[in-house]
Structures are given as structure tokens and as C-alpha cells.
Amino acid sequence: MTSPPSFDLALEPWIACLYTDGTTRPIGLQQVMLEAPLIADLALPYPAAYGALYRVLAALAYRVTGLDALLPGENAEGWYRRRNGQFGTAFDDGRVKAYFADRPDRFGLYASTPFLQDPRVATECKDTSGINKLVLGGASGSARPWFAGKHGDRTQRPIPSAEAALQLLMWAYYGSGGTVTTRSHSGVSTQAGCQAAPLRGTVGYHPLGDNLHTTLLAHLVAPETAEPNALPDLAVWERDEYPDPTVPAPDPCGPVSLLAGRLRHAMLLVPSPDGKMATDCTITWGARNLPKQPGQDKAEFVEAFPDPYLSYRRSPKTQRPSAAVDADGGRHLFRDLDVLLNDPDSRPDTRANAPTRPTVLAACDHLPDHVIDTLRIRVVGAQQDRAQNKDSQWWTTTTPPLLAHSAQLDPDGAELIEGAVQEADKEAWRLDLALAAAFRERPKDKADTANRKARIAVHFWPRADAVFWELYDTGQLAAAQSRMRRAALDAFDHITTALARSPSSTRRVAQARALLPLPRKEADS
């Protein structure tokens with residue numbers, strides 16, 4: 001009798017890795033952890049896969065290093081010293097192999113306890129969702145295709161198991177809520193009300209080192225002291241029981257369950273007979289939104305368990321993190337560096353609803369000098385509608401080393417960066433006024449404002465972005481005022497070229513241009 005297919009994600013090659021010698025090859029989860037010092041970075045085909053897989057690997061790093069909890073009598077500073085002592089080494093081979101050996105059935109893509117899946121779906125859903133549903137951005141139902149390749153709504157083609165594993169991960173972290181495949185569980189039968197995945201519509205910030213071992217250690221944040229009666233801090237694949245899907249998802253109980261224990265969907269893949277392909281899948285609700293009570297006042301939302309790699313809006317009332325900052329593919333990264341390098345709590349001039357600094361970047365202030373001097377930031381953005389199945393844009397970008405210039409480690413450098421960001425914002429505001437005058441638009445009219453914002457987004461912010469990084473790379477951020485003013489003038493001249501067709505319009509453009517201050521002469525020399 002032949003055994004059912006499994007496709008063990010601990011051993012099968014499915015994660016493409018770029019090695020420090022320049023070669024790229026796919027390996028399994030266990031080999032990723034064993035060879036982390038030899039791996040420069042992941043080499044994944046989708047931006048969202050980075051955000052999902054970094055969290056899974058960070059959860060594994062917590063486990064195999066023993067950094068998932070404070071030691072008796074240990075405080076956060078002691079934990080950071082223990083963490084910092086592991087840089088320049090490797091994850092312990094014995095602990096890595098023992099972790100996967102103790103869970104031989106938990107990493108199989110098609111096992112009896114399938115990875116990130118719920119086998120109860122097989123009997124609780126009469127219909128499957130189709131394999132196309134698994135492909136984020138693909139054609140499925142009324143969803144338009146964005147990144148589907150040869151897949152169409154009427155074409156259901158099996159996908160390789162390695163690809164299916166990546167898509168499964170992305171669905172777990174970025175999948176849509178709302179209406180899904182009908183499921184019946186404990187008397188509840190519906191296809192509506194599913195919670196969206198925890199990272200949907202967000203932008204994440206991940207520290208990036210010279211090798212994956214450094215990257216994963218830098219991803220770790222000191223855990224809080226456990227409550228006396230707290231539930232075990234478990235990843236999804238470490239649980240022995242499946243959660244009740246008729247209630248909201250359980251709260252995380254520590255760093256591991258925060259990163260890898262917050263599934264909102266119940267999913268199940270159907271393999272080909274040899275296990276090399278996924279031929280079908282079901283995606284349904286795995287956690288329910290609380291029903292709205294009629295007449296009940298809307299309570300202010302406060303995020304009780306902030307994700308360490310996200311930035312949150314602070315509540316104006318409580319000053320605690322509320323909703324995560326929405327991902328905006330048109331917003332250039334440098335505009336947020338003042339927040340990424342300095343917590344708003346230490347800036348008295350910051351608005352009450354200013355974004356918070358991601359917890360992981362604050363934790364990087366405790367890194368050894370030789371690590372933080374080379375540490376970069378990988379940004380993973382997913383511009384999505386959080387309430388509907390609409391994906392607009394995915395992106396990833398990487399900064400040069402800059403975390404050593406945080407306000408806590410390099411106040412002068414952080415001040416220069418913040419000053420350059422503020423100069424760009426000032427010139428964008430002045431450019432808006434000048435364009436309103438040139439086009440005879442009303443500054444407070446919504447349609448006119450939208451038109452000007454679109455022009456500024458296309459013509460000014462790319463110029464300002466290039467100026468900022470050039471000044472940063474050459475150590476000349478002190479000249480940001482003049483250079484940003486020049487960028488605003490260039491953008492204004494480009495936008496208003498078509499207006500200079502008559503003496504009256506030319507005069508109006510010249511008068512509007514005078515609203516923009518001229519750059520200093522020394523900046524042009």
C-alpha cells in the first residue's frame with residue numbers, strides 16, 4: 001500500500017536562497033536554518049512572500065535559540081545581551097534538527113496535519129474554491145487577474161507544490177476576508193464574515209543583514225514577561241488542536257504565536273497522486289468577526305498586540321497603537337525615515353496620530369556596533385483593500401545601511417535626515433500653492449486638490465527621492481533645503497510648460513512660480 005503524498009517543507013526544496021558566493025538554489029526549511037550564515041538573502045518571486053516567510057523563519061529562530069522567553073530573573077537588557085552573543089556564529093545544528101525531528105508530521109504540505117491548513121475543511125465544505133483562488137492576484141470568480149500568468153478564470157491548472165507552499169503562506173498573512181467558500185461548523189453555515197489576514201494592506205519593515213543568520217537574529221524582539229496563567233506560546237504548526245472558527249482568532253501569547261499563530265482562514269490543498277502538484281484548494285473562514293450589536297456605540301480600536309515589523313497610527317485619546325499604517329505604493333520610503341529612525345514619543349512636535357516606530361527597529365538600537373553599521377531595511381508593501389478582495393500593488397525595496405543613524409545612536413545624523421524629510425514636505429506644500437495659482441484652481445476644492453496631488457506625486461516626489469538618496473550617499477544632507485527647492489522648481493516648470501501659450505497665461509505662470517523660494521547659489525556651484 002502506497003503512503004499518501006506529503007511534500008515535507010522541512011526537507012523539500014521550495015525556498016529559493018541567494019548564497020554569499022553568488023549562487024541561488026532552492027532548499028527546505030531545515031536547510032535554511034542550518035545554512036543561514038552562508039545565505040545572503042532569500043530570493044523569492046513575490047514581495048508578499050518575503051513578509052510571510054521572514055515571520056515564519058523568525059519564529060523558528062526564536063525556538064532554536066531559546067530566545068522565545070526571558071530566563072528567570074532576566075530583564076530585556078539581559079535578553080539583548082544573550083541575543084547579541086549569538087552573532088557571528090550559526091544556529092545550533094543539534095537544536096535545529098531536533099526541532100524538526102520532534103514534529104515529523106507538522107511540515108508536510110499534504111500530511112494528516114498539513115502545514116498552515118485545517119483538514120476539517122474537507123468534510124465541512126461541500127465545494128472547493130478552485131486552485132486559481134490560491135494564487136493571490138489571479139483570476140478567480142469576479143476578481144480580475146493581475147499576476148496570474150497563464151491562469152484564467154475558466155482555466156484550472158495544477159501548480160507545483162513548491163509554488164503552492166508560497167501561495168499558501170501569502171494567503172495566511174495577506175489574504176482577503178469577507179465572502180469565502182461556504183463552510184458549516186457547529187451549526188454555523190455561511191460564506192460571509194471571515195476576518196482578513198493580519199498583514200493585509202500593510203507595509204512591513206525588516207532589518208536586513210549581511211547574511212540570513214544576522215537578519216533573523218535582528219528580527220527578534222525581547223519578549224515580555226509571561227502572565228502566570230497565560231496559554232502556551234505556540235505557532236500554528238505546533239498546536240495539537242484546531243481552534244474554534246466560529247469566534248475571533250485567539251490572541252497571541254508571546255513572540256512565536258504573534259508571528260506565526262494568527263491564522264484567519266481555514267485552507268486545505270488537494271495534491272496530485274505523486275504529491276508534486278497542487279490540483280485544487282479550499283479557502284474558507286477560520287475566524288469570525290464579532291457581530292455588530294444594534295445601537296452600540298463604536299468603540300475606538302486599539303491594537304493590543306502590535307506586529308513588530310509594522311508601523312501603527314497612535315490613538316489620539318490613548319496614545320496607544322491603533323490601526324496599522326496603510327500601504328501606499330506611491331509614497332516614497334525616504335518620507336517616513338524620520339519615524340523609522342526615531343520614536344514619535346520622543347518628538348514633542350509630532351501629531352497625536354503620528355505613526356509609531358516599528359518595534360523591531362527600536363530593538364535594533366540594542367545591536368552590536370559591527371552589526372548595526374551594516375544593517376539595511378527591506379520594505380515589503382501590500383496595497384490592498386482590507387475589506388474586499390482587491391489587490392492594487394505589491395512591492396519590495398531595500399535601503400542602504402542607515403539604522404546606525406537612529407536618534408538614540410546618532411542624534412546628529414537623525415536630525416539631518418529628519419531635516420531633509422521636512423524640507424521635502426515644505427517644498428511639496430509650496431509647490432501645491434504655486435500650482436493652484438498657475439492653474440487657477442481652488443486650494444480647498446477636492447477635485448482640484450486631487451489633481452494637484454497627482455501632479456506632485458508624478459513630477460516632484462521622484463525628484464525629491466533621487467535628491468535625498470544622492471545627498472545621503474555623499475554625506476551632504478545639510479544641503480537638502482537648496483536641492484529640494486531646485487527639485488520643486490524643476491517640477492513646476494515641467495508641469496506648467498503647456499500653460500505658456502499666451503501672454504496672459506505666461507504672466508500667470510511667472511507670478512505663481514514666484515511663490516517658490518529660489519535655491520541658494522552655492523548649491524548650484
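Just so you know, these numbers come straight off a predicted model, no measurement behind them. (Residues numbered from 1 in each chain as written. Predicted model: local features only at pLDDT ≥ 70, side-chain atom pairs only at ≥ 80, totals over all residues. Heavy atoms only, no water.)

**Here we look at the layout of surface pockets**
- Estimated volume of the second largest pocket: approximately 1,000 Å³.
- Lining the second largest pocket are 44 residues, and of these Ala222, Pro223, Glu224, Leu258 and Phe305 sit closest to its centre.
- A total of three residues in the lining of the second largest pocket trace back to one element, the largest contributor, which is helix H8 (residues 255-260).
- Among the residues forming the lining of the second largest pocket, the class breakdown is 26 nonpolar, six polar and 12 charged. (1 Å grid on protein atoms, 1.4 Å probe; cavity = no way out; pocket = protein on both sides within 12 Å on 5 of 7 lines; lining within 4 Å. Points joined across faces, edges and corners; volume = space filled by probe spheres on them. Helix = DSSP H or I, 4+ residues; strand = E, 2+ residues; numbered from the N terminus. Nonpolar A, V, L, I, M, F, W, Y, C, P; charged D, E, K, R; others polar.)

**Considering empty space enclosed by the protein**
- Inspection of the entire model under this criterion finds one cavity of 30 Å³ or more.
- Taken as a whole, the largest cavity spans an internal volume of roughly 50 Å³.
- As for the largest cavity, its lining consists of Leu116, Ala172, Tyr173, Pro198, Val236, Ala260, Gly261, Arg262 and Leu263.
- Of the residues that constitute the lining of the largest cavity, the class distribution is seven nonpolar, one polar and one charged.

**Description of the pattern of salt bridges**
- Applying the stated criterion across every chain yields a total of 25 salt bridges.
- Across the pair Asp68 and Arg63 runs a salt bridge, and its minimum N-O distance is 2.7 Å.
- Judged by its relative accessible area of 15%, Arg63 falls in the buried class.
- Across the pair Glu441 and Arg452 runs a salt bridge whose closest N-O atoms are separated by 3.3 Å. One end of the pair, Glu441, is in the loop between helix H12 (411-438) and helix H13 (446-459); the other, Arg452, is in helix H13, with 11 residues separating them in the sequence.
- Among the charged side chains, a network of salt bridges with common partners joins Asp118, Arg120, Glu124 and Arg183. (Salt bridge = Lys/Arg side-chain N within 4 Å of Asp/Glu carboxyl O. Buried < 20%, exposed > 50% of the residue type's maximum accessible area, 1.4 Å probe, protein only.)

**Looking at H13**
- Counted at 1.5 Å a residue, the expected span for H13 with its 14 residues is 20 Å, and the 20 Å between its end C-alpha atoms agrees.
- Every buried residue of H13 is accounted for by Asp448, Thr449, Arg452, Arg455 and Ile456. Around the axis of H13, the buried residues are gathered within 125 degrees of arc, so they sit on the same side. Turned more than 90 degrees away from the buried face of H13 sit Lys446, Lys453 and Val458, all of them exposed. (Expected span 1.5 Å × (residues − 1). Arc of directions from axis to C-beta.)

**Section: the environment of Phe100**
- Examined against the element boundaries, Phe100 turns out to sit in helix H4 (residues 93-101).
- Look past the residues within four positions of Phe100 in its chain and what remains in contact with it is Ala10, Leu29, Gln30, Leu60 and Phe107. (Contact = heavy atoms within 4.5 Å.)

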